[in-house]
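Spelled out from the first residue to the last, the chains are:
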Amino acid sequence: MVQSSEAHEHPSSSSPEKPHCIVIGGGFAGTTAAVRLTEAGWRVTLVEAREHLGGRVQSLTDGTTGETIDNGQHLMMGCYDAALGLLQTLGTAPLMRRQKALRVWFAEVLDGVPTTFCLDASLAPGKIGVLLGMMRLHGLSWREKLRLVRFAARLQLNLIKPYGKTAQTLLREEQQSERVITRLWEPIILATLNTSVQTSSATLFVEVMRIAFLGRAEASQMLIAETGLDAVLATAPAWLEERDSTVVKGIVETILVKENQVQIKQICGVRLKTGEILATDVVVSAVPLHTLTKLLSPEDLTIAALPNTERFSPSPIVSVYLWFDKEFIEQDFIALLGTTVQWVFNRRKLCRAETSVVERFPCHLSLTVSAAETFARASAQDIIKHCVEELAAVFPASRSARLLHARVIRETNATPLLTPENEHIRPKAQTPLQGLFLAGDWTNTGLPATIESAARSGEIAALAVINTSTFH
Ligand SMILES: Cc1cc2nc3c(=O)[nH]c(=O)nc-3n(C[C@H](O)[C@H](O)[C@H](O)COP(=O)(O)OP(=O)(O)OC[C@H]3O[C@@H](n4cnc5c(N)ncnc54)[C@H](O)[C@@H]3O)c2cc1C
């Protein structure tokens, strides 16, 4: 899909009238930066190490079933303005299936009895609907419900001071009972921050609440790709090529830096693993921090003022795809409480599949375990056994279903762990190293490390490049 670097025309040899920039990394961050800079009249060379764009959003074909699955079930939300804006530009927005209103089912075993209940925000549009949904939640006392509403009102009125706290500390200060924390807030925090309630940053949790759940009418709607999610970026190479930019397949080994006449260090290009040098004086790095630190010399790293990689440890996600010979879950997707498995996605209801595949594999589920430090270390066999046992406890009908095929995908570097300790060291787009700009879900976007943080970081980096350029 992307051109090989050998076949690629040297970037400085065409369209000399346009300013040129190299973007390293074709995940959501790099692709957004490349698209937005191209729109602004720049000629961009997007260098991506893999065959396809998408980065941590990767789709693959399962050999046994022939079905396209992702490296883990991804969800977007109606508040993903930067990411959905990118899909609009690339013409791939129709690949996403959007809920009419937020409806989240929960399942648990209470006193030995499997129970389900629903957070249904469809009674009224936007935040009123979300609040009404919370008020009608099964299994909470009136006092707990009133405290939920009080918390939401304080969020709306900006009365909450989350900085430097964990989500757990904040929720306790806001008089949320342990039951409300485990039954409502924990699944939301794990899904949106990929971090436990005990370690997650309250600042990011509050931001998620403000923009996603208490934001404008469609903000809380969930969106799921009907096919493999990386298809949403598949049109990007052609889109860029039609506008004088290009996507090059190559691994950047070094970001090249030189000293100018006034002895200031500035970017002068990148060297690929093949030895080829691509010249430019503007580079947007859209790779994870641990990769970026290997592309610069220790001296240049200090000038760029990058944070220490040890301050951002990775948080794993384990995804388990299960195929059974019959369906036993009615809902599209459902949060499990009191289990290791946190979310179950019913892919037969959410995704497209060929009739012959559905006939052979009538039930297809995708299970997610976020912040899965311990679980990720178990063997695939043990993970599958554990998941099937948990399904049997919560959905007794699954006991008569036969498991036909299973697949475990461990993403040990799924997202950086964003905590109160590192929220203030996420770097801005413009670095002190002249010509070097940063994008990526880990940079200072004010959002948890998500697709939206990545896309927003790409927009911010593009704007920073444009604003500091002498061409405009
Ligand atoms: C299993 C899983 C489930 C997730 N679920 C969700 C979800 O439901 N919702 C959500 O919003 N987010 C989710 N996320 C998080 C989301 O996928 C990431 O936050 C986002 O994709 C990060 O994008 P990025 O562009 O910042 O980085 P990346 O996607 O990591 O992109 C970096 C790119 O740089 C390339 N690269 C690296 N080194 C080089 C080099 N030297 N030269 C050239 N190219 C290089 C890589 O190949 C990659 O394409 C999930 C992540 C995982 C792993």
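Cut-off values and rules
- Residues numbered from 1 in each chain as written.
- Predicted model: local features only at pLDDT ≥ 70, side-chain atom pairs only at ≥ 80, totals over all residues.
- Helix = DSSP H or I, 4+ residues; strand = E, 2+ residues; numbered from the N terminus.
- Rg over C-alpha atoms; globule rule 2.2 N^0.38 Å.
- Buried ≥ 20, exposed ≤ 12 C-beta atoms within 10 Å, placed from the backbone.
- Contact = placed C-beta atoms within 7 Å.
- Near = placed C-beta within 6 Å.
- Nonpolar A, V, L, I, M, F, W, Y, C, P; charged D, E, K, R; others polar.
- Domains from an automatic or database assignment.
- Axes fitted to C-alpha atoms, helices over the stretch in contact; angles between N-to-C directions.
- Parallel < 35°, antiparallel > 145°, perpendicular 65-115°, else oblique.
- Left-handed = near helix turned anticlockwise from the far one by under 90°.
- Pairing = 2+ DSSP bridges.
- Core = buried A, V, L, I, M, F, W, Y, C linked by C-beta atoms within 7 Å.
- pLDDT = per-residue confidence, 0-100.
- Expected span 1.5 Å × (residues − 1).

S.K.: I keep staring at the overall build of the protein chain and nothing clicks. Help me out?
M.R.: The helix and strand inventory of the protein chain stands at 14 helices and 21 strands. Expected size for 472 residues packed as a compact globule is a radius of gyration near 23 Å; at 23 Å, the protein chain falls within 12% of this value. Overall size of the protein chain, expressed as C-alpha extent along the three principal axes, is 75 × 55 × 40 Å. Buried residues in the protein chain amount to 47% of all 472 residues. Across the protein chain, the fraction of contacts at a sequence separation of at least 24, relative to all contacts at a separation of at least 6, is 69%.

S.K.: Just to check I follow, could you spell out the site of the ligand for this structure?
M.R.: In the vicinity of the ligand lie 36 residues, with G25, G27, G55, G72 and T450 positioned nearest. Sorting the residues of the shell around the ligand by element identifies α1 (28–39), β3 (43–48), β16 (314–324), β20 (403–416) and α14 (451–468) as the ones contributing at least two each. Along the lines of polarity and charge, the residues of the shell around the ligand split into 17 nonpolar, 13 polar and six charged. Lining the shell around the ligand are residues from two domains, each supplying at least three of them: domain 1 (3–56 + 230–312 + 426–468) and domain 2 (59–98 + 223–227 + 314–416).

S.K.: Quick question: what am I supposed to make of the packing of helix α3 (residues 126–135) against helix α4 (residues 142–156) here?
M.R.: The relative placement of two packed helices comes down to the angle between their axes together with the axis-to-axis distance. One way to put it is that α3 packs onto α4 with a least axis distance of 9 Å and a crossing angle of 160 degrees. Here α3 lies roughly antiparallel to α4, going by the angle between them. The handedness of the crossing between α3 and α4 comes out as right-handed. Contact residues: α3 offers L131, M134 and M135, while α4 offers K145, L148, V149 and A152. Here the residues of the contact of α3 with α4 are counted per class, giving six nonpolar, no polar and one charged.

S.K.: Can you help me understand the domain arrangement of the protein chain in this one?
M.R.: Where interface size is quoted, it is often the accessible area lost as the parts come together. Segmentation of the protein chain into domains returns domain 1 (3–56 + 230–312 + 426–468), domain 2 (59–98 + 223–227 + 314–416) and domain 3 (126–220). Computed over C-alpha atoms only, the centres of domain 2 and domain 3 are separated by 25 Å. Contacts between the two partners involve 13 residues from domain 2, matched on the other side by 14 residues from domain 3. Mapped by element, the contributors of at least two residues to the side of domain 2 that touches domain 3 are β16 and β20. Taken together, the residues that form the side of domain 2 that touches domain 3 break down as eight nonpolar, five polar and no charged.

S.K.: Before we go on, may I ask you to explain the pairing of strand β9 (residues 113–120) in this structure?
M.R.: Walk down a regular strand and you will see the side chains alternate between the two sheet faces. The pairing of strand β8 (residues 103–110) with β9 spans eight bridges and is antiparallel. Bridge pairing links F106 to F117 in β9. Linking two consecutive strands that pair antiparallel, namely β8 and β9, is a turn of two residues; a positive phi of about 50 degrees is found at D111 within it.

S.K.: How should the nonpolar core be read in this particular structure?
M.R.: One recurring pattern in soluble globular proteins is that nonpolar side chains are buried together. Membership of the largest hydrophobic core comes to 137 residues, with the highest contact counts inside it found for V23, A33, A83, V284, V344 and A461. Examining the composition of this core, we find that eight residues originate from one element, helix α7 (residues 202–213), more than from any other. Apart from residues no more than four positions distant in its own chain, V23 is found in contact with G30, A33, A34, V44, L46, V284 and A286.

S.K.: What's the story with the sheet that holds strand β7 (residues 96–98) in this structure? I'm lost.
M.R.: Backbone hydrogen bonds hold the strands of a sheet together, and the pairing may be parallel or antiparallel. With antiparallel pairing, three strands are arranged side by side in an open sheet as β6-β10-β7. If you trace the sheet from one side to the other, it starts and ends with β6 (76–77) and β7, each paired once.

S.K.: Looking at this model, I keep getting lost on the pairing of strand β18 (residues 343–346). Mind explaining?
M.R.: Where strand β17 (residues 333–336) lies against β18, three bridges are found, and the strand directions are antiparallel. Bridge pairing in β18 links F333 to F345. Counted along the chain from β17 to the antiparallel partner β18, the turn is six residues long, and its residue G338 has a positive phi close to 75 degrees. Bridge analysis of β18 against strand β19 (residues 363–369) gives four bridges, and the strand direction is antiparallel. The residue bridging F345 from the neighbouring strand is S366, located in β19.

S.K.: I'm lost on the confidence of the model for the protein chain in this one. Help?
M.R.: Should the pLDDT be low somewhere, the predicted coordinates at that spot are not to be read in detail. Summarising the model, the protein chain shows a mean pLDDT of 93, and 96% of its residues fall at 70 or more. Taken as a whole, residues 4–13 scores under 50 in pLDDT and shows 18 contacts with residues more than four places along the chain or in a different chain.

S.K.: Any chance you could explain unusual backbone geometry here in plain terms?
M.R.: Residues apart from glycine generally show negative phi values, whereas peptide bonds are mostly found in trans. Positioned with a positive phi, Q175 is a non-glycine residue whose angle comes to about 60 degrees. When you line up the elements, Q175 lands in the loop between α5 (167–173) and α6 (178–193). Residue Q175 is classed as partly exposed on the basis of its C-beta count, with 14 C-beta atoms lying within 10 Å. For N194, which is not glycine, the phi dihedral falls at a positive 50 degrees. Inspection of the secondary structure assignment puts N194 in the loop between α6 and α7. Its 25 C-beta neighbours within 10 Å are what place N194 among the buried residues.

S.K.: What exactly am I supposed to notice about the environment of A49 here?
M.R.: Within the secondary structure layout, A49 lies in the loop between β3 and β4 (59–61). Sequence separation of A49 and G26 is 23 residues, and the distance between their C-alpha atoms is 8.1 Å.

S.K.: Would you take a moment to explain the packing of helix α2 (residues 81–90) against α14 for this structure?
M.R.: Interhelical geometry of α2 versus α14 gives an angle of 75 degrees and a closest axis separation of 7 Å. Classified by the angle their axes make, α2 and α14 are roughly perpendicular. Between α2 and α14, the contacting residues are A82, A83 and L86 on the first element and I451, E452, A455, R456 and E459 on the second. For the contact of α2 with α14, the class distribution of residues is five nonpolar, no polar and three charged.

S.K.: Explain the sheet that holds β16 to me, please; I cannot follow it from the model alone.
M.R.: The seven strands lie next to each other as β9-β8-β17-β18-β19-β16-β20, forming an open sheet whose pairing is mixed. Single-partner strands in this sheet number two, and they are β9 and β20. Going from strand to strand, the sheet's axes swing by 20 degrees on average, the running direction of each strand aside.

S.K.: What am I meant to see in α1 here?
M.R.: Owing to its 3.6 residues per turn, the α-helix aligns residues three or four sequence positions apart on the same side. With 12 residues, α1 ought to run about 16 Å at 1.5 Å a step, and its terminal C-alpha atoms sit 16 Å apart, in line with that. Burial within α1 is extensive, with 11 of its 12 residues counted as buried. For α1, the full list of buried residues reads F28, A29, G30, T31, T32, A33, A34, V35, R36, L37 and T38. Against β2 (20–24), β3, α2, α8 (236–241), β15 (283–285) and α14 lie the buried residues of α1.

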